[in-house]
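Structural characterization, general
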Amino acid sequence: MPVDIPGPASSVSVQHEPFDVGAEIAAIAAGRPAIGAVASFVGLVRELPGCPGGLSAMTLEHYPGMTDKALEDIVGQARGRWQLQDVRVIHRVGRLAPGDAIVLVVVAAAHRGEAFAACEFIMDYLKTRAPFWKKEETRDGGHWVDARDADDAAAARWDV
Amino acid sequence: MPVDIPGPASSVSVQHEPFDVGAEIAAIAAGRPAIGAVASFVGLVRELPGCPGGLSAMTLEHYPGMTDKALEDIVGQARGRWQLQDVRVIHRVGRLAPGDAIVLVVVAAAHRGEAFAACEFIMDYLKTRAPFWKKEETRDGGHWVDARDADDAAAARWDV
Amino acid sequence: MIKILYFAGLRESIGSSGEEIALPPGVSDIARLRAHLAARGEPWGSLATARNLRTAVNQRMVDEGAAVQDGDEIAFFPPVTGG
Amino acid sequence: MIKILYFAGLRESIGSSGEEIALPPGVSDIARLRAHLAARGEPWGSLATARNLRTAVNQRMVDEGAAVQDGDEIAFFPPVTGG
């Protein structure tokens with residue numbers, strides 16, 4: 001009888017609550033002896049350059065009917081490109097303060113090359129394809145963050 | 001009077017004890033509002049392919065007088081190539097079991113491109129330049145792990 | 001009927017998070033739907049003027065040539081800025 | 001005197017983690033030191049036969065042309081496999 005080995009898994013979450021990076025990585029690695037490499041990324045609310053103390057809060061709006069699908073689609077594309085053991089994506093929504101974590105991507109694979117590439121790919125695609133929008137509150141009021149050309153360029157790299 | 005802002009920092013550790021990924025990431029991000037991106041990597045003792053249950057333990061030998069210097073040199077090279085806010089490298093030595101974490105690299109930067117690139121660079125250089133050696137214990141006895149050509153190739157990419 | 005959703009800055013400039021309307025005669029794709037909605041005048045003018053507007057049909061991002069059918073959920077929004 | 005260290009598989013095949021010797025006359029670089037040590041016969045033969053042997057002088061990786069001076073700490077070891 002073949003041993004019952006857990007198959008590749010992945011999961012995405014969109015939530016208001018903070019996440020625990022160490023617990024997420026530990027949960028992915030636990031009892032999965034084929035995993036040799038775990039690459040992860042945490043995105044944080046950053047103080048505006050040249051304007052310390054100017055950013056008081058940030059609100060993340062999203063498209064609730066679409067966000068899970070968009071993230072799952074991005075993860076599915078990563079799984080089609082690389083041999084991965086597990087993927088976890090958490091994106092927060094609602095009101096966040098400077099220093100708060102916004103997004104977590106964890107990718108587990110046998111070797112580090114795949115883990116790094118897939119983790120960066122997921123972030124690049126998330127930045128241009130997942131329906132989240134940031135509104136910053138400063139002393140001068142609120143304004144929607146502009147999309148960065150650098151993010152489009154980063155995502156375009158993967159279409160080679 | 002200019003505000004006293006903590007400057008770029010980094011630290012490397014070589015230790016027998018396990019490390020806490022979440023705590024290391026949290027320590028780096030705490031009170032550093034210019035950090036927008038934290039990329040990290042954890043390397044784990046992997047079950048040998050095609051040989052589940054065959055690996056009972058692994059021993060990491062190192063060159064105590066050189067390891068800290070080698071890791072600090074690699075981190076210094078990364079800092080010379082990218083604008084980084086902080087770097088943390090922990091490498092374990094001694095006897096480890098399958099599933100145990102071997103190495104942690106955490107890189108904090110303003111933007112994710114720098115954080116990912118520097119984290120992968122540090123791992124690639126560590127794999128070819130830091131004086132650690134793995135000896136695997138299996139049912140058939142112990143043997144030293146061979147260096148992988150793929151690791152040399154990965155490190156060579158960065159000399160462009 | 002089709003369901004239309006607006007997000008982020010576009011939602012604010014229109015002053016509405018969406019509407020349900022009958023699929024207008026002659027509207028078969030996103031470009032025509034967008035032109036039809038904008039042609040109603042204010043507060044929908046920013047549908048015509050917004051740069052780089054993105055669109056999803058039934059929760060999938062599509063380009064302006066994508067077909068629109070009765071029963072679809074169509075979302076208009078600015079370039080995304082999450083992550 | 002120079003201090004010589006052996007690591008990992010090389011340490012095991014030589015059966016020693018190192019030695020201290022006087023800098024031999026005519027030995028001015030790593031290649032000559034390695035040849036001198038190996039020429040003493042067993043158990044140091046693997047210094048001649050080991051493939052891709054790596055070297056550090058005073059805790060820095062160097063190539064075979066690197067200079068050796070009195071007082072140096074010289075380490076010989078196989079390609080590294082950490083991480």
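This structure is a prediction, so every number in the text was calculated from the model and none was measured. (Residues numbered from 1 in each chain as written. Chains lettered and ligands numbered in written order. Predicted model: local features only at pLDDT ≥ 70, side-chain atom pairs only at ≥ 80, totals over all residues. Heavy atoms only, no water.)

Our next topic: the overall build of chain C. Assigned secondary structure in chain C consists of three helices and five strands. Listing each helix as α and each strand as β along chain C from the N terminus yields β-α-β-α-α-β-β-β. Over its C-alpha atoms chain C spans a radius of gyration of 12 Å, differing by no more than 12% from the 12 Å that the globule rule assigns to 83 residues. Expressed along its principal axes, the backbone C-alpha trace of chain C runs to roughly 35 × 30 × 20 Å. By residue count, 49% of the 83 residues in chain C fall in the buried class. Taking as baseline every contact in chain C between residues at least 6 positions apart, the subset at least 24 positions apart corresponds to 54%. (Helix = DSSP H or I, 4+ residues; strand = E, 2+ residues; numbered from the N terminus. Rg over C-alpha atoms; globule rule 2.2 N^0.38 Å. Buried < 20%, exposed > 50% of the residue type's maximum accessible area, 1.4 Å probe, protein only. Contact = heavy atoms within 4.5 Å.)

Looking now at the pattern of salt bridges. Scanning the model with the defined rule gives 28 salt bridges over all chains in all. In this structure, the salt-bridge partner of C:Glu12 is A:Lys135, at a minimum N-O distance of 2.5 Å. Taken together, the residues C:Glu12 in helix 1 (residues 8-14) and A:Lys135 in strand 7 (residues 132-138) connect one chain to another. With a relative accessible area of 22%, A:Lys135 lands in the partly exposed category. Salt bridges here are not isolated pairs; linked through shared partners, they connect A:Arg112, B:Glu120, B:Asp124, B:Arg148, B:Asp151 and B:Arg157. (Salt bridge = Lys/Arg side-chain N within 4 Å of Asp/Glu carboxyl O.)

Moving on, we get to the packing of helix 2 (residues 64-81) of chain B against helix 3 (residues 112-129) of chain B. All names here are of chain B. One can describe the packing of helix 2 onto helix 3 by two numbers: an axis separation of 10 Å at closest approach and a directional angle of 145°. When the axes of helix 2 and helix 3 are compared, the crossing they make is right-handed. Residues Met66, Ala70, Leu71, Ile74, Gln77, Ala78 and Arg81 of helix 2 form the contact with helix 3, whose participating residues are Ala118, Phe121, Ile122, Tyr125, Leu126 and Arg129. Counted by class, the contact of helix 2 with helix 3 contains ten nonpolar, one polar and two charged residues. (Axes fitted to C-alpha atoms, helices over the stretch in contact; angles between N-to-C directions. Left-handed = near helix turned anticlockwise from the far one by under 90°. Nonpolar A, V, L, I, M, F, W, Y, C, P; charged D, E, K, R; others polar.)

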